[in-house]
Amino acid sequence: MHGNDTHFHGSHPEHEPEQEPPSEAGPAGVERQLAHFTFMREEHEREVRLHFRDVPADQIAMVFRSAGASLITMTGERAALLAPTSARHTPPPAPTDKSRPKRTASLGRAAHAAGQADEVTMLYFYAQDDIVYTVSITSPPWAVRSVAGIYPVAALLESEVQSRLSVVFRNIEI
């Protein structure tokens, strides 16, 4: 397909595969294996963007690895979701250099205390054939699964994201 296309796929994100999915080569195979997760798909030229919420990153990585894709890089960003409008009547004062908070795990607790919910969006970039997949997975910062067991190159990248965003990467035996 050419141009911009957006599609929703999948059924239930809580359904995890019982075993490693069979290897299917090609872009169609990747998306067929991901179909048991609910996701949004956008396509533009040779880039495909897949958006997930609360989906295990390691299972997504296994699908790409079994299809022969390589992990190009990964990064993350933290977003605080604001509480309903009634709880946001006045903005907090701008911090001065002395009162500026440090980026630590306590920021998440502070956000909850201020009526905000904390989330992190992890971005994974995979290459398969002539297509680049941008996979974004939004979840709580304590629920991110490590992909370093599947793509060893991710270990250093996860370490950088962990120190920058206070994300806790969980290793799950697969």
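What this report covers is the structure whose coordinates are included nearby. (Residues numbered from 1 in each chain as written. Predicted model: local features only at pLDDT ≥ 70, side-chain atom pairs only at ≥ 80, totals over all residues. Heavy atoms only, no water.)

Let us now look at the overall build of the chain. In terms of helices and strands, the chain carries 4 helices and 8 strands. Starting at the N terminus, the α and β elements of the chain follow one another as β-α-β-β-α-β-α-β-β-β-α-β. Counting every position in the chain, which comprises 174 residues, the buried fraction comes to 38%. Once local pairs closer than 6 in sequence are excluded, the contacts in the chain between residues at least 24 apart make up 71%. (Helix = DSSP H or I, 4+ residues; strand = E, 2+ residues; numbered from the N terminus. Buried < 20%, exposed > 50% of the residue type's maximum accessible area, 1.4 Å probe, protein only. Contact = heavy atoms within 4.5 Å.)

Next up on the list: the environment of Glu160. On the secondary structure map, Glu160 appears in helix α4 (residues 154-165). Through-space distance from the C-alpha of Glu160 to that of Gly76 is 9.7 Å; in sequence the pair is 84 residues apart. In terms of polar contacts, Glu160 uses its side chain to reach the side chain of Arg164, at 2.8 Å. (Polar contact = N/O pair within 3.5 Å; in protein donor to acceptor, adjacent residues only side chain to side chain.)

Moving on: helix α2 (residues 57-66). With respect to burial, α2 is a largely interior element, 9 of its 10 residues being buried. Those residues of α2 not exposed but buried are Ala57, Asp58, Gln59, Ile60, Ala61, Met62, Val63, Phe64 and Ser66. A positive phi of about 90° marks Gly68, the residue just after α2.

A word on unusual backbone geometry. With a phi close to 55°, Glu45 is a non-glycine residue in the positive phi region. Looking at where Glu45 falls in the secondary structure, it is placed in the loop between β2 (39-44) and β3 (47-53). The phi dihedral of Ser166 is positive, around 60°, even though this residue is not glycine. Its location among the elements puts Ser166 in the loop between α4 and β8 (169-170).

What follows covers the packing of aromatic side chains. Applying the stated criterion to the full structure yields 3 aromatic pairs. With 5.1 Å between their ring centres and 65° between their planes, Phe64 and Tyr133 make a pair best called edge-to-face. One end of the pair, Phe64, is in helix α2; the other, Tyr133, is in strand β6 (residues 131-139), and 69 residues separate them in sequence. For the pair formed by Phe64 and Tyr133, the shared burial category is buried. Seen in terms of ring centroids, Tyr126 and Tyr151 are 5.7 Å apart; in terms of plane orientation they differ by 50°. Their pairing is tilted. In this pair, Tyr126 sits in strand β5 (residues 117-128) while Tyr151 sits in the loop between β7 (144-145) and α4, placing the two residues 25 residues apart along the sequence. Just as Tyr126 is buried, Tyr151 falls in that class too. Ring pairing ties together the aromatic residues Phe64, Tyr126, Tyr133 and Tyr151, which thus form one cluster. (Phe/Tyr/Trp six-rings, centres within 6.5 Å; stacked < 30°, edge-to-face > 60°.)

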